[in-house]
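Structural characterization, general
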Amino acid sequence: MKHNKLKPFPKGFFWGGSTSAYQIEGAWNEDGKGPSVIDMAKYPEGTTDFKVASDHYHHYKEDISLLAEMGYKAYRFSIAWTRLYPNGSGELNPKGIEFYNNLINEIVAHGIEPIVTMYHFDLPYALQQKGGWSNRETIDAFEVYAQTLFENFGDRVNYWLTINEQNMMILHGDAIGTVDPNLENPKKELYQQNHHMLVAQAKAMNLCHQMLPNAKIGPAPNIVSIYPASSKPEDIMAAHNYSAIRNWLYLDMAVFGRYNATAWNYFQEKGYVPTILDGDMEVLASANPDFIAFNYYTSQTVAASEEDGSDVGHTGDQHITIGEPGVYKGATNPNLKKNEFGWEIDPVGFRNTLREIYDRYNLPLIITENGLGAFDKLEEGDVVNDPYRIDFLRKHIEQMQLAITDGVEVFGFCPWSAIDLISTHQGCSKRYGFIFVNRDEFDLKDLRRIRKQSFYWYKELIATNGEKLI
Ligand code: BG6
């Protein structure tokens, strides 16, 4: 739809940025923190571990003051479950509470709205050893952890995100999930874990509403428009299949508390039906999110499955389509350029995605990740020129404004990432931030913070509430 006049961004729009605990904090074993699955995982050769990351644990004051200088209205970050409960459950670590109290106080003191992700990939290792999300005890542990969060931080935190990219943990279990790939039917196990996470999420949403009547809570999956590779009806069917199991499964459960028919029949066909205990569906149906948060980097394109052995592609990256025989096959979109890491760049797809989600659920939306990973270079005189990032973000923000003009209710944009941090599986040389952190994969250097060109650009954009996009 073409509009003659664009609607402005709403007053009080949450311009901000995002990070996650394990990718930015470092201090992996300090002040009583227990190990998470991330701390115990193997890292791809040539990339750093997450032990020091951007050392935000020791630099948080400086970091928050830089976000304030950019004019941030909101800051999305995650809490490390293992700082609060080193063993996932049991004894609470007061030092963990102290750190997040200090961090939240600092954020609030700068007039920034904290948006807290409760769990961003870093499951406590102690729980993993007892079966992780395959074990229903993890649901109880998450509930206790959620209660601790609401009790301790609910006086200052009004926006909560339950689980980051649950769908990517399930679909890309070997890249960022917690399942053993050597199991006889690892996908069945993943969908069992998925069910448990959904129940845990529903319980956390209910608890939040009981304990903090003024707070808002929502899920934070990765949702993207799925295109058919052609107008062939079989390709359109494949896109419908993939949308149902990649996108809507997660949001239908969060919002309506039910598995959609396509996803459920896919489970039956493939032998992935999860065990559902008495009471689970009631809990799922009783929980209601106040908004939908989602992450968007790229659209995805699929074709009909050929079932000739060619359907299943590369699996080690959460933003590249894998494919599944009889369901869909990943395809390249010839209309889109790719970034240096093979992810297609699709700002118009962002508008499509916003519209699709809003049409289906009619809930306010916030974007909790969007951004461009690149090999930024530090030039002489502490200069980092990243016009490619500005271009990427500008084009996505333009499309977001078009979606707002289309009638979509959007209340915030928190791109990835506020500050340089460690990528999920591609080290720290793949940078996303507005602020450069001076370190290499294996040389920590001085970890000094340097404002990138995009820092100044975003600052001006925020100051004009999105009017100054160029
Ligand atoms: C999302 C995750 O999948 O994408 C983030 O929520 C992640 O944790 C981001 O960092 C970018 O992906 P990557 O693999 O480049 O770090």
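What this report covers is the structure whose coordinates are included nearby. (Residues numbered from 1 in each chain as written. Predicted model: local features only at pLDDT ≥ 70, side-chain atom pairs only at ≥ 80, totals over all residues. Heavy atoms only, no water.)

Overview of the pattern of salt bridges
Here the structure, examined in full by the defined rule, presents 24 salt bridges. Asp-376 serves as the salt-bridge partner of Arg-389, at 2.9 Å between the closest nitrogen and oxygen. Here Arg-389, found in helix 15 (residues 387-406), pairs with Asp-376, found in the loop between strand 10 (365-369) and helix 15; they are 13 residues apart in sequence, far enough to count as distant. Overlapping salt bridges, with partners in common, bring together Asp-376, Asp-386, Arg-389, Asp-420, Arg-431 and Lys-452 in one network. (Salt bridge = Lys/Arg side-chain N within 4 Å of Asp/Glu carboxyl O. Helix = DSSP H or I, 4+ residues; strand = E, 2+ residues; numbered from the N terminus.)

Points about the state of the cysteines
Going through the model one piece at a time under the given rule, you end up with zero disulfides. In this structure Cys-414 is a free cysteine whose sulfur lies 17 Å from that of Cys-208, the closest cysteine sulfur available. (Disulfide = S-S within 2.5 Å.)

Some words on the sheet that holds strand 9 (residues 329-331)
Pairing in this open sheet of three strands is mixed, and the strands run 6-8-9 from one edge to the other. The open sheet has two edge strands with one neighbour each: strand 6 (226-228) and strand 9. In this sheet, neighbouring strand axes are inclined to one another by 45° on average, regardless of whether the strands run parallel or antiparallel. As paired strands, strand 8 (residues 300-303) and strand 9 are joined by three bridges and run antiparallel to one another. Looking at strand 9, one finds that Val-302 is bridged to Gly-330. Helix 11 (residues 233-256) rests against strand 6 and strand 8 of the sheet, and its axis sits at about 165° to strand 6. (Pairing = 2+ DSSP bridges. Axes fitted to C-alpha atoms, helices over the stretch in contact; angles between N-to-C directions. Contact = heavy atoms within 4.5 Å.)

So, the environment of Gly-132
Turning to its location among the elements, Gly-132 is positioned in the loop between helix 6 (125-129) and helix 7 (137-153). Gly-132 sits in the buried class, given a relative accessible area of 0%. Placed 156 residues apart in sequence, Gly-132 and Asn-288 show a C-alpha to C-alpha distance of 25 Å. With sequence-adjacent residues up to four places away left out, Gly-132 is seen in contact with Leu-123, Leu-127 and Thr-138. (Buried < 20%, exposed > 50% of the residue type's maximum accessible area, 1.4 Å probe, protein only.)

Looking at the pairing of strand 11 (residues 410-413)
The pairing of strand 1 (residues 14-18) with strand 11 spans two bridges and is classified as parallel. Bridged to Trp-15 within strand 11 is Phe-413. The pairing of strand 10 with strand 11 spans three bridges and is classified as parallel. Considered in strand 11, the bridge of Ile-367 is made with Phe-413. The parallel pair strand 10 and strand 11, bridged by helix 15, forms a crossover whose chirality is right-handed. (Right-handed = clockwise from strand over helix to strand, strands pointing away.)

Some words on the site of the ligand
Within the structure, the ligand sits among 17 residues, and Gln-23, Glu-165, Thr-424, Lys-430 and Tyr-432 are positioned closest to it. For the ligand, an oxygen atom lies 2.5 Å from a polar atom in the side chain of Tyr-432. Here the ligand has 380 Å² of accessible area as a free molecule, and 100% of this is covered by the chains. (Near = heavy atom within 4 Å. Polar contact = N/O pair within 3.5 Å; in protein donor to acceptor, adjacent residues only side chain to side chain. Areas by Shrake-Rupley, 256 points an atom, 1.4 Å probe, with all protein chains shown as cover.)

Digging into the environment of Gln-193
Within the fold, Gln-193 resides in helix 10 (residues 186-211). With a relative accessible area of 2%, Gln-193 lands in the buried category. Here the alpha-carbon distance between Gln-193 and Thr-138, two residues 55 residues apart in the chain, equals 9.8 Å.

A look at the packing of aromatic side chains
How two aromatic rings sit relative to each other is given by the distance of their centres and the angle of their planes. Going through the model one piece at a time under the given rule, you end up with 47 aromatic pairs. Taken together, a centroid distance of 5.2 Å and an interplanar angle of 85° make the contact between Phe-14 and Tyr-159 edge-to-face. Of this pair, Phe-14 sits in strand 1 while Tyr-159 sits in strand 4 (residues 159-164); the two residues are 145 residues apart in sequence, bridging distant segments of the chain. Grouping residues by exposure puts Phe-14 and Tyr-159 together as buried. Judged by centre distance (5.6 Å) and plane angle (85°), the rings of Tyr-60 and Phe-99 are edge-to-face. Note that Tyr-60 is positioned in helix 3 (residues 56-70) and Phe-99 in helix 5 (residues 94-109), a separation of 39 residues in sequence. Here Phe-99 falls in the buried class, since its relative accessible area comes to 5%. An aromatic cluster of at least three residues, connected via ring pairs, comprises Phe-9, Phe-13, Trp-15, Phe-294, Tyr-296, Phe-350 and Phe-413. When the ring centre of Phe-455 is taken as origin, the NZ or CZ atom of Arg-451, which lies over that ring, is 5.6 Å away. (Phe/Tyr/Trp six-rings, centres within 6.5 Å; stacked < 30°, edge-to-face > 60°. Lys NZ or Arg CZ within 6 Å of the ring centre and 35° of its normal.)

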